[in-house]
Amino acid sequence: RLLYIARKNLYSVDGLRALKWLYKRGLTDDTIRAAGLGLLKQGITIEWREGRKLTAINVRLKTNDHPRYSFFGGSQVAGNLFNADTIRGAKAVLFCEGELDTLLAQQTLVRANLSDCACVSIGSASQSIAPRWVSAIADREVLIALDNDQAGIDCADRLRAALPNAKVITLP
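Quick caveat, the model's predicted, so the values are computed rather than measured. (Residues numbered from 1 in each chain as written. Predicted model: local features only at pLDDT ≥ 70, side-chain atom pairs only at ≥ 80, totals over all residues. Heavy atoms only, no water.)

A. Just helix α4 (residues 99-111), in detail. In this model, α4 (13 residues) spans 18 Å end to end at C-alpha, consistent with the 18 Å of a helix rising 1.5 Å per residue. Positive phi appears at Asn113, one or two residues downstream of α4, with a value of about 60°. (Helix = DSSP H or I, 4+ residues; strand = E, 2+ residues; numbered from the N terminus. Expected span 1.5 Å × (residues − 1).)

Here is the structure:
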């Protein structure tokens, strides 16, 4: 019920500023709606799902200070991937650092008719990939495109250690 309200809020008068911010980041209505993004007083809600199961809710807070994101209590981030359902049937997997980067990358690849590449996130550069996901993608091409800061570099190193077949893409 809360997420239903959040989704409606995003497309209300109160959500206009947040919606414009998402558009400025490059996201389209189709992507925003498919991802179930919403708006609460705290900020933009981002649903983590695996199939129909809700595993976590992250909020992009209405601040540019740190932290910028905060998971709802009870969220199960460890062991899960954001956008995990895109892995089924994908020939390649692209790891992005955050959820919004993941959605933008997926949207861009679909527009380029490259929908056989899944875009996922472990949530933040401080997280690690769970063994179940390592085995699920071991036979696929794996690309890692995280932020080019120390946290992103360290996370890329951890992912590369877990996924020796992975290629790191350095972003400017």
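B. How the structure looks around helix α6 (residues 150-162). Its 13 residues place the ends of α6 19 Å apart at the C-alpha level, agreeing with the 18 Å of an ideal helix rising 1.5 Å per residue. For α6, the complete set of buried residues consists of Gly152, Cys155, Ala156 and Leu159. One side of α6 holds all its buried residues, which, seen down the axis, span an arc of 105°. Across α6 from its buried face, at more than 90 degrees, point the exposed residues Gln150 and Ala161. Where α6 is buried, its residues meet β5 (92-96), β7 (141-145) and β8 (167-168). (Buried < 20%, exposed > 50% of the residue type's maximum accessible area, 1.4 Å probe, protein only. Arc of directions from axis to C-beta. Contact = heavy atoms within 4.5 Å.)

C. Structural view of the packing of aromatic side chains. Overall, the coordinates contain two aromatic pairs when judged by the stated rule. Considering the side-chain rings of Trp48 and Phe82, the 5.9 Å spacing of their centres and the 55° angle between planes classify their relative orientation as tilted. With Trp48 in strand β2 (residues 43-50) and Phe82 in the loop between β4 (69-71) and β5, the pair connects residues that are 34 residues apart, well separated along the chain. An identical accessibility class is assigned to Trp48 and Phe82; each is buried. An aromatic cluster is defined as three or more aromatic residues linked by ring pairs; in this entry it consists of Trp48, Phe71 and Phe82. Arg33 extends its terminal NZ or CZ atom over the ring of Tyr11, reaching a point 3.9 Å from the ring centre. The ring of Tyr69 carries Arg60 above its face, with NZ or CZ at 5.6 Å from the centroid. (Phe/Tyr/Trp six-rings, centres within 6.5 Å; stacked < 30°, edge-to-face > 60°. Lys NZ or Arg CZ within 6 Å of the ring centre and 35° of its normal.)

D. Highlighting the sheet that holds strand β1 (residues 38-40). Read from one edge of the open sheet, four strands run β1-β2-β3-β4, paired in antiparallel fashion. Each end of this open sheet is capped by a strand with a single partner; those strands are β1 and β4. Going from strand to strand, the sheet's axes swing by 35° on average, the running direction of each strand aside. Bridging between strand β3 (residues 53-61) and β4 involves three bridges; their strand directions are antiparallel. Bridge pairing in β4 links Val59 to Ser70. (Pairing = 2+ DSSP bridges. Axes fitted to C-alpha atoms, helices over the stretch in contact; angles between N-to-C directions.)

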